[in-house]
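# A look at the structure
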There are 4 protein chains.
Amino acid sequence: MQCTENKPRWERRKEARPHELLAAALDLFVERGFASTRLEDVARRAGVSKGTLYLYFENKEELFKAVVRNSIVPVLGDAEDSIAGFDGHSAELMRSVMKSWWARIGDTKASGIVKLVMAEAGNFPELAQFYQDEVVTRGTRLIRSLLERGIERAEFRPVDVVQATQVMVAPMLTLITWKHSVAPCDRGELNPAAFLDTFLDMALYGLLPAAGAARP
Amino acid sequence: MQCTENKPRWERRKEARPHELLAAALDLFVERGFASTRLEDVARRAGVSKGTLYLYFENKEELFKAVVRNSIVPVLGDAEDSIAGFDGHSAELMRSVMKSWWARIGDTKASGIVKLVMAEAGNFPELAQFYQDEVVTRGTRLIRSLLERGIERAEFRPVDVVQATQVMVAPMLTLITWKHSVAPCDRGELNPAAFLDTFLDMALYGLLPAAGAARP
Amino acid sequence: MQCTENKPRWERRKEARPHELLAAALDLFVERGFASTRLEDVARRAGVSKGTLYLYFENKEELFKAVVRNSIVPVLGDAEDSIAGFDGHSAELMRSVMKSWWARIGDTKASGIVKLVMAEAGNFPELAQFYQDEVVTRGTRLIRSLLERGIERAEFRPVDVVQATQVMVAPMLTLITWKHSVAPCDRGELNPAAFLDTFLDMALYGLLPAAGAARP
Amino acid sequence: MQCTENKPRWERRKEARPHELLAAALDLFVERGFASTRLEDVARRAGVSKGTLYLYFENKEELFKAVVRNSIVPVLGDAEDSIAGFDGHSAELMRSVMKSWWARIGDTKASGIVKLVMAEAGNFPELAQFYQDEVVTRGTRLIRSLLERGIERAEFRPVDVVQATQVMVAPMLTLITWKHSVAPCDRGELNPAAFLDTFLDMALYGLLPAAGAARP
DNA sequence: CATGAATGAGTTTTCATTCAT
DNA sequence: TATGAATGAAAACTCATTCAT
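Residues numbered from 1 in each chain as written. Chains lettered and ligands numbered in written order. Predicted model: local features only at pLDDT ≥ 70, side-chain atom pairs only at ≥ 80, totals over all residues. Heavy atoms only, no water.

Going by what an unreviewed UniProt entry lists, chain A is known as TetR/AcrR family transcriptional regulator and is assigned to Massilia terrae.

Here you go:
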């Protein structure tokens, strides 16, 4: 828990700087992509000068990493914690984890970062590696361990967890693609929450052990 | 059948040039995206100099449009023709159209163009407009008219065609996202052909009129 | 009086920069013309790098406009003021205005800008429009109003002011042509000041009311 | 006198080529200036390919020289001849020479070449030198020798011929400046023929020997 | 800590000139 | 002769990064 209340305002300001910069950077990276975002614009939107930005972040790539660490990674951490401290049925846990993902990333500006990585990672290998290590691998492991928990506890059928992980990830990517690539052009109606619910109903039902299993 | 044998070599060359350039441009646009592709590299890959490229294409955007017209648009044209000249069951037609899309775009370098547009259209409004006009609108109309054909001929249930069109498009986007954004990092196994087959089985079955309908 | 003494050096520098750049640009535009002047050379002559120039001027055309606003326009403003605040004979005023033009433009590097516009305006329509609006129209109005003042006060004959304006402008163009196009090649002697004096003697005498008029 | 009538058409065509190219070049040089004229446009306007142009002219500068030799120099030659073969009063000769200049250059596209040289010679030293040698020097000598003829024959006062030469040249430059730099912008009325007549009346009258001289 | 002036490498585009056919 | 495809040097403009104050 952060505690800044008993410091003079200018000092709180100083502590706030990085967050203001990260917020500005998130906005612009999502709006324009990585390559097309100019650091000067980030600085201006945060109300500081270009030079100041370099006091907090070594360069553009580090700024981007900080944005990811700020907007995506904590969600993973929380999810890991919630798994560790959960006692109920694995299907319920899976549903909770994915709804949380939707609430905190999919339905949020952070989803733009996921889209950005899909779009531009190829041009920035270091970024791709970073994202792979800190997000993809960790997220995949999270889903896989959740599936394994279900299988171990006999709440899920003993499916191929590698395949099943991808099945669970696919609708997330679909929703992000829809939101950032299709929706801006095509005014078609897609209700993301309903889509996700439907998917979860189908997928989790499909994971249940064959007969007489309790519906979560 | 083209007959170029009795022309002087440099004239054959001139006819080949645009195709060599388009091939090189397709490669590089797919590899690096629109903004990050340097025209000099396109020229070099085609074995010519920078200036030569400008003999055939007015500028970078026109080169890109030409690539799209060369790799994507003809597939749409052929699909339209195949619909016009088809007599059988609409489900069969839909299956054929989507398999053809997979064979000629999804499973091809051309799919990289689709991904590129999803990734970068936001930064190049003129390109976005062009793609919307020449590909998206036309492709959507194609799927919709196919659905309408099925409904008119009582081969499909009278579904909401706008929604159903999106349902049919979704797996194509998913496959492309997987191929260009997930697969390069994650060595997870996704069998696109199997995925598409499964989807078609499910979706087309779902479109059939309720009872006693003939299965295509 | 400007007071820059108690500012840090780089801040004084910043104030000086635009003037140094404008001076360098004036030099090179006059030497080489608009199209043939390279911005890199302008920057180098001002002792800065190419990029710095773009901190102060948006592009080549804006730099040129700034040069005109800096070297030509103020002279027009001063002339307008001097007319407004003058009580004497219009012939004297006309003589003063034209001598001032000679001192501040004709006999100055600024005259090169006038020559440049005559030479290149055809190739840069936006520049031509700008010059027409900010210099030609305003200068012509100035001469015309001066003639009208003389006629109203019965110090000049009631001549056709449109024609007379052109008559007054002609020798200015002649001098500039001579200076920039003839003199550099032909070592012929033309004394511009004498030429202008002679012209003014003749023209102003010719403008006086017929009989018994006081000679200014 | 050129005689091409008894040759086959294609051969006449071959001989016509250079003239068609020169005509196209004259048009474009006058319209756009030297630097901004593209050889491809010249070739296209003449109905040939770019390569062909290089069969007849070594490069852009040589093409320009040929244009000058074709449009300006012959007028000088004719004027020299007319002087050599003239018996009458020098004032009449001068008037005839200058009217001829107006008819064949000043009032002609060729005047655009004079303007072009005034505007761009500074950027193309070799061109400047060429024009100086083949036009300026020769033209100046022509006027000077005409003045000297008048003085020798006591038809003119013994004026300073160097100065007087410039006086005679000035209105030619003025007319060209007006035509190419002022008229396109300013819809002011200047009647060039009248201007020239008036000038000649004044200047030639001023050159006559003091008393009792015959008016030409 | 904060500033913002300065830098210069990198990219698109143009066009005179060459040369194989 | 005639063609026109090909070349590559040159110039405008952008922006991540540095550093003196």
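Next comes the rest of the write-up.
## Some words on the interface of chain B and chain A
Counting residues at the interface gives 22 residues for chain B and 20 residues for chain A. For the pair chain B and chain A, the summed buried surface comes to about 2,000 Å²; carbon and sulfur atoms form 53% of the total. Summed over the shared surface of chain B and chain A, the number is 10 residue pairs in polar contact (both at pLDDT 80 or more). Elements represented by at least two residues in the side of chain B that touches chain A include exactly α1 (9-32), α7 (110-120) and α9 (161-182) of chain B. (Contact = heavy atoms within 4.5 Å. Buried area = accessible area lost by both parts, 1.4 Å probe. Polar contact = N/O pair within 3.5 Å; in protein donor to acceptor, adjacent residues only side chain to side chain. Helix = DSSP H or I, 4+ residues; strand = E, 2+ residues; numbered from the N terminus.)

## A look at the relation of the copies chain B and chain A
For the pair chain B and chain A, the best superposition has an RMSD of 0.2 Å and corresponds to a rotation of 178 degrees with a translation of 0.0 Å parallel to the axis. Expressed as an axis order, the relation between the two copies is that of a two-fold axis. Taking C-alpha positions as the reference, the residue of chain B nearest the rotation axis is A119(B), at 2.4 Å. Interface overlap between copies is the fraction of interface residues in one copy that are interface residues in the other; for chain B against chain A it reaches 91%, indicating a shared surface. (Least-squares fit on C-alpha atoms with pLDDT ≥ 70 in both.)

## A few points about the side chain of H180(A)
Secondary-structure assignment places H180(A) in helix α9 (residues 161-182). Residues within four places of H180(A) in sequence aside, it is in contact with V30(A), S111(A), G112(A) and K115(A).

## Overview of α9(A)
Residue and element names in this part refer to chain A. Taking 1.5 Å as the rise per residue, α9 with 22 residues should run 32 Å; its terminal C-alpha atoms sit 30 Å apart, in good agreement. In the structure, α9 departs most strongly from a straight axis at V169, where the bend amounts to approximately 25 degrees and where the proline P171 lies between one and four residues downstream. The element α9 is largely enclosed, with a buried count of 17 among its 22 residues. By the N-cap criterion, in which a side-chain oxygen at the helix start approaches the backbone nitrogen of a residue two or three places on, α9 is capped by D160, the distance to V162 being 2.9 Å. (Expected span 1.5 Å × (residues − 1). Bend = angle between axes of the 7 residues up to and from the residue. Buried < 20%, exposed > 50% of the residue type's maximum accessible area, 1.4 Å probe, protein only.)

## Structural notes on the relation of the copies chain C and chain D
Mapping chain C onto chain D calls for a rotation angle of 178 degrees and an axial translation of 0.1 Å; the resulting RMSD is 0.2 Å. Mapped onto chain D, 91% of the interface residues of chain C again fall at the interface, so both copies present the same surface.

## With respect to the UniProt feature "DNA-binding region" (unreviewed entry) in chain A
Per the UniProt entry, the sites bearing "DNA-binding region" (unreviewed entry) are residues 38-57 of chain A in this numbering. Here residues 38-57 of chain A runs as 70% helix and 0% strand, with 14 Å between its end C-alpha atoms. (UniProt positions renumbered as here; feature names shortened; annotations may be inferred.)

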